[in-house]
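Close look at the chain arrangement
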Amino acid sequence: PEAVRRLFQITQLKHQAAALGIDRIDLGETGGRFEFRSDTHVDPMAIVKLVQQEPGRYRLDGATVLRIKATLADFQARFDMAETLFAKFRPKADQ
């Protein structure tokens, strides 16, 4: 069933976020935010590069929050956005 599939997807995201040092992910219809732990494994330059490449979509809010502006109409769009960002944040050796 769909509910079980979503539960597995959410669990997968939580594990990936924890491994990268991401404390919280909030994504809704108009975007959201990623909150990084102070000891995150994400290279800060990867975040800065993302913001520089797409300033209309991404911006930093303090030292630990990445704000995202995007149309994410449903669960799958939000899941895909999180997966895309995780891929950009993973150290190159892990990809």
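Here, the structure is the one placed above.
A few points on the structure. Every residue gets a number counted from 1 within its own chain, in the order that chain's sequence is written. Under the rules for a predicted model, residues below a pLDDT of 70 receive no local features and side-chain atom pairs below 80 are neither given nor counted, while totals for whole chains, interfaces and linings still include all residues. In computing side-chain values, all of the structure's heavy atoms are included and hydrogens and water are not.

Attention shifts here to the overall build of the protein. Summing up its helical and strand segments, the protein has three helices and four strands in all. Starting at the N terminus, the α and β elements of the protein follow one another as α-β-β-α-β-β-α. Over its C-alpha atoms the protein spans a radius of gyration of 13 Å, differing by no more than 12% from the 12 Å that the globule rule assigns to 95 residues. Its C-alpha atoms give the protein principal-axis dimensions of about 40 × 30 × 20 Å. For the protein, with 95 residues in total, the buried portion stands at 29%. Note on areas: these come from Shrake-Rupley sampling with a 1.4 Å probe, and a residue is covered only by the protein chains present in the view. Working note: accessible area of the protein is about 6,100 Å², and carbon and sulfur atoms make up 54% of it. Residues scored as positive are Lys and Arg, those scored as negative are Asp and Glu, and His as well as the terminal groups of each chain are ignored. Every charge is mapped onto a representative atom, which is NZ of Lys, CZ of Arg, CG of Asp or CD of Glu. If you average the places of the 15 positive and of the 13 negative side-chain charges in the protein, the two averages end up 2 Å apart. Secondary structure counts use DSSP, requiring at least four H or I residues in a row for a helix and at least two E residues in a row for a strand, with both numbered from the N terminus. Radius of gyration: C-alpha atoms only; globule rule: 2.2 Å multiplied by the number of residues to the exponent 0.38. Working definition: with a 1.4 Å probe on protein chains only, accessible area under 20% of the residue-type maximum means buried, over 50% means exposed, and in between means partly exposed.

Quick look at the pairing of strand β3 (residues 58-61) now. Two strands qualify as a pair provided that DSSP identifies no fewer than 2 bridges between them. As paired elements, β3 and strand β4 (residues 65-69) share four bridges and run antiparallel to each other. Following the sheet pairing, Tyr58 is matched in β4 by Ile68. Linking β3 to β4, which pair antiparallel, is a turn of three residues; within it Gly62 sits at a positive phi near 80 degrees.

Moving on: the environment of Leu50. Relative to the assigned elements, Leu50 resides in helix α2 (residues 44-53). Placed 20 residues apart in sequence, Leu50 and Ala70 show a C-alpha to C-alpha distance of 14 Å. Residues count as neighbours in contact if any of their non-hydrogen atoms are within 4.5 Å of one another. The contact partners of Leu50, leaving out residues within four places of it in the chain, are Tyr58, Leu66, Leu85, Lys88 and Phe89.

The subject of this paragraph is helix α1 (residues 2-20). Helix span is expected to be 1.5 Å times the residue number reduced by one. In this model, α1 (19 residues) spans 27 Å end to end at C-alpha, consistent with the 27 Å of a helix rising 1.5 Å per residue. Looking only at α1, the buried set comprises Gln9, Leu13, Gln16, Ala17 and Leu20. For α1, the angular spread of the buried residues around the axis is 100 degrees, confining them to a single face. Away from the buried face of α1 by more than 90 degrees, exposed residues Ala3, Leu7, Phe8, Lys14, His15 and Ala19 are located. Here the buried face of α1 lies against β1 (22-28) and α3 (75-89). Following α1 by one or two positions, Gly21 adopts a phi angle in the positive range, close to 85 degrees. This arc is taken over the directions from the axis of the helix to the C-beta atoms.

To continue, consider the packing of aromatic side chains. Any Phe, Tyr or Trp ring, taking Trp's six-membered ring, that has another such ring centre within 6.5 Å forms a pair; planes under 30 degrees apart are called stacked, those over 60 apart edge-to-face, and the others tilted. All told, the structure shown has four aromatic pairs when counted by the stated rule. Measuring from ring centre to ring centre gives 5.6 Å for Phe36 and Phe89, while their planes differ by 70 degrees; the resulting arrangement is edge-to-face. Of this pair, Phe36 sits in strand β2 (residues 31-36) while Phe89 sits in helix α3, placing them 53 residues apart in sequence. For Phe36, a relative accessible area of 6% gives the class buried. Ring geometry for Phe75 against Phe79: centres 6.3 Å apart, planes inclined by 25 degrees, an arrangement best described as stacked. Residue Phe75 and its partner Phe79 are both found in helix α3; the two are separated by four residues, about one turn of the helix. Its relative accessible area of 18% is what places Phe75 among the buried residues. A relative accessible area of 8% means that Phe79 is categorised as buried. Ring pairs connect the aromatic residues Phe34, Phe36, Phe86 and Phe89, which therefore count as one cluster.

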